[in-house]
Amino acid sequence: MSEASTINYADREQVRLYLDSLRLGFEIITDANGAMKKIRRPAHLVNRDIFNVVHTHLEARGEIFAAPQPYYFDRIDHRLIRLLEGDANLAQLLRELGLLPTEPHTKLVSRALADIGNSAEHRTVHRLAFFGCDAIYIRATETTMLKVTATDITEVPLGTDDVILIADDLGDWPSLAELEPYLESLRPQMGTTCTQIRPDLPLAKLTTRWADDCLLNAEQQWQMAFTRATFIFAASRYSTWPILLLTGEGGSGKSTFFELLLSLLVGEPTILQSLPSQERSLVALLTKSSIAALDNVDGAGLDRPDRSSVNDLICQASTGAKISIARLFNDNVLDTYRLRLHTFFTCRVNPFDRDDVMRRTIELQMATPTEDGPDKDALVRAFLADRAPMLAELLLRLQNIVRAHDEHGAAEFHMVTKMKEYEKFTYVCSAFEERLSETKNLWASYMQRYRRSITETDPLVHAVRLWLGKGGNDGRQVSPTTLFTELQTIFADLEQVFTYKSPSAFGRNVAKHRTSLRTIGFSEVPTRGNQDYVFHPSADELALCKRLYTDLRSAILRRPVGAFSPRPSSSYLMPEPGPGDLDDIDSHAPSKREPLK
């Protein structure tokens, strides 16, 4: 019986000793006279046997798969290892088998394993959490997870119930034994709390200075942000993960909320990154991170046409679309990723004007900064001092979220947003908390502000409002060419610059801005070979349009003789097109405007 047949390939020590003998490169044979002789084996046979032994050892303990990069999961040690040459965890695994990094056999085995992984079966893995049919799994350490069901919170090995989580960008959780005292003390206070803000509980520290506006007060904005943060752990059950965008002046604390959240998950003070300037760097960030929290994104020129691909990536991260990118230092190797992560941004002014981004975005505002604001470093340190009780509270909230889905997950709700999956999550939780009407009112108020926001920042809406305000056009059916021509005349009469260069360019941009236009009653009427437009604005909207047109007309009439300028100072005006900007309005339309002065 050969030595190979007696080895327990799941035993790492036995495999290491056998590899040591193989690497010597000798074998014992018996010659024709019956004498025992030691001869050197051909190098290619030695290499083949070494790889086969390592491969057999790995398969005896776990599995190789692609996700999309090649991975090996050891079901005995519960370790997840990326099968890429130079990966630190793979180097450690091979060292345990006696293969040192600089040795030729080590490089051969690393490359061969990567090749097998590249052609292996794809499987679904998740980042920091996974919400299955009856449990939420949370990445606790490199080899363990916390499993939260309606009745229990337990610590289980990675791979339990075939769930594998990859979140090496985040920190470890305290052990369940360390969290247990806090769980016991908080459990009587929790009741049915899922996402509701509770000032009497530790997680109330996860906040910042929210603004009061006419439609949402500070507490409502805090509630919107807090719910989105809690959603992180239940998100895998839903198809759309909305972007959370916090806007405010410098020093208003817009990055504080995200830095506190990241510090809670990482376990140490964490600051936000800036938006990468290169698209490939952004792809790397989005494919490797559990959470992309980026600061001051309005400085990255996202409203420019050459940055439209960045807007595409942001949308794909929200919806989980798939992208393929070439692997560095490899010829003809494409990795297909499903972009699925949580995107959080801060900015002074919302830089997004594309419908597909805006309808997936929750925009909240910060209060005006004050001179006596808190010291952020001290704030984060004090926050982290209560990390264990806050994580314990989070586990109890997630347990209630599991219960809420057991009771209300199949219920039907009337949705008012374009983020219907996420909106349903908020209703499921609030129904369990018995505050469903409050949540519905919150979304109704938010949608009023959303509609106001997108109409105030859309150049097409401004143009059509002037057309409606001139009178006689509400309910009137017009072709794209007719509307284009009449808008040209109105802009000339009002001494504003109209830079849509052709009816076809104008029609393309109407199609891009349907969401904004519908807030002023836009609809399309099929005609023979084309579509006409018709607007049925509400009475309040029509009054606003008339006031806007009248104010602009009056301003012109009051202007002194000789004061005409072909470039009025109104920030609603679109700048002159640059070279090559002949018929694409996105290349010269502003993304933001201030009200007319």
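These numbers were taken from a predicted model, which means no experiment stands behind them.

**Student:** Where do I start with the sheet that holds strand β8 (residues 144-148) in this structure?
**Tutor:** Hydrogen bonds along the backbone pair up the strands of a sheet, which may run parallel or antiparallel. The 4 strands lie next to each other as β6-β7-β8-β9, forming an open sheet whose pairing is antiparallel. Across the chains shown, the open sheet's two edge strands, defined by having one partner strand only, are β6 (129-131) and β9 (153-157). Averaged over all pairs of adjacent strands, the angle between their axes in this sheet comes to 20°, without regard to strand direction. Direction of pairing for β8 relative to β9: antiparallel, over a ladder of 5 bridges. Counterpart to Leu146 in the pairing with β9 is Glu155. Along the sheet, helix α5 (residues 176-190) makes contact with β8 and β9, crossing β9 at roughly 160°.

**Student:** Just to check I follow, could you spell out the packing of aromatic side chains for this structure?
**Tutor:** For any pair of aromatic rings, geometry is given as the distance between the ring centres together with the angle between the planes. Per the counting criterion, the structure on display carries 21 aromatic pairs. Considering the side-chain rings of Trp467 and Phe535, the 5.9 Å spacing of their centres and the 65° angle between planes classify their relative orientation as edge-to-face. One end of the pair, Trp467, is in helix α15 (residues 459-469); the other, Phe535, is in strand β18 (residues 530-535), and 68 residues separate them in sequence. As far as burial versus exposure is concerned, Trp467 and Phe535 are alike and both buried. Taken together, the aromatic side chains of Phe231, Tyr238, Tyr422, Phe425, Trp443 and Tyr446 make up a single cluster linked through ring pairs. The side chain of Arg237 reaches across the aromatic face of Phe131, ending 4.5 Å from its centre.

**Student:** What is the right way to look at the sheet that holds strand β11 (residues 273-274) in this model?
**Tutor:** If you trace the 5 strands from one edge of the open sheet to the other, you get β11-β12-β15-β10-β16, paired in parallel fashion. Of all the strands in the sheet, just β11 and β16 (361-365) have a single pairing partner and so form its edges. Of the strand pairs in this sheet, strand β12 (residues 291-295) and strand β15 (residues 342-347) are connected by 4 bridges, and their pairing is parallel. Pairing of Ala293 across the sheet is with Phe344, part of β15.

**Student:** I keep staring at the nonpolar core and nothing clicks. Help me out?
**Tutor:** Proteins that are soluble and globular tend to have nonpolar side chains buried together. The biggest cluster of nonpolar side chains holds 104 residues, and the ones touching the most others in it are Trp173 and Phe233. Top element by residues in this core is helix α12 (residues 387-408). It accounts for 11 residues. Setting aside its immediate chain neighbours within four residues, Trp173 contacts Ile138, Arg139, Ala140, Leu146, Leu179, Phe233, Arg387, Leu391, Leu394 and Leu395. Among the nonpolar cores identified, the runner-up in size contains 29 residues, and Val464, Leu468, Leu483 and Leu517 belong to it.

**Student:** Would you mind going over the side chain of His405 with me for this structure?
**Tutor:** Position of His405 among the secondary structure elements: in helix α12. A distance of 2.8 Å separates a polar side-chain atom of His405 from the backbone oxygen of Ile401. Once you skip the residues sitting within four places of it in the chain, His405 turns out to touch Phe131, Arg237, Tyr238, Phe425 and Val428.

**Student:** I'm lost on the pattern of salt bridges in this one. Help?
**Tutor:** Where charged atoms from two side chains of opposite charge come close, those side chains can pair. In this structure the tally under the stated criterion is 31 salt bridges. One salt bridge in this structure joins Glu96 and Arg12, with 2.9 Å as the shortest N-O distance. Here Glu96 is found in helix α3 (residues 88-96), whereas its partner Arg12 is found in helix α1 (residues 12-23), with 84 residues between them in sequence. A salt bridge links Asp162 to Arg123; the shortest N-O distance between them is 3.4 Å. In this pair, Asp162 sits in the loop between β9 and α5 while Arg123 sits in the loop between α4 (104-118) and β6, placing the two residues 39 residues apart along the sequence. Look at Asp162 and you get partly exposed, because its relative accessible area is 46%. Several salt bridges share partner residues, and in doing so they unite Arg12, Arg61, Asp74, Asp77, Arg79 and Glu96 into one network.

**Student:** Got a minute to help me understand the side chain of Ser502 in this structure?
**Tutor:** Within the secondary structure, Ser502 sits in the loop between α16 (480-493) and α17 (503-512). In this structure Ser502 comes out as buried when scored by relative accessible area, which is 17%. Separated by 3.1 Å, the side chain of Ser502 and the backbone nitrogen of Ala505 make a polar contact.

**Student:** What is the right way to look at unusual backbone geometry in this model?
**Tutor:** Excluding glycine, most residues fall at negative phi; most peptide bonds, likewise, are trans. With a phi close to 55°, Asn296 is a non-glycine residue in the positive phi region. Note that Asn296 resides in the loop between β12 and α9 (308-319). Judged by its relative accessible area of 30%, Asn296 is partly exposed.

Conventions adopted
- Residues numbered from 1 in each chain as written.
- Predicted model: local features only at pLDDT ≥ 70, side-chain atom pairs only at ≥ 80, totals over all residues.
- Heavy atoms only, no water.
- Pairing = 2+ DSSP bridges.
- Helix = DSSP H or I, 4+ residues; strand = E, 2+ residues; numbered from the N terminus.
- Axes fitted to C-alpha atoms, helices over the stretch in contact; angles between N-to-C directions.
- Contact = heavy atoms within 4.5 Å.
- Phe/Tyr/Trp six-rings, centres within 6.5 Å; stacked < 30°, edge-to-face > 60°.
- Buried < 20%, exposed > 50% of the residue type's maximum accessible area, 1.4 Å probe, protein only.
- Lys NZ or Arg CZ within 6 Å of the ring centre and 35° of its normal.
- Core = buried A, V, L, I, M, F, W, Y, C linked by side-chain atoms within 4.5 Å.
- Polar contact = N/O pair within 3.5 Å; in protein donor to acceptor, adjacent residues only side chain to side chain.
- Salt bridge = Lys/Arg side-chain N within 4 Å of Asp/Glu carboxyl O.

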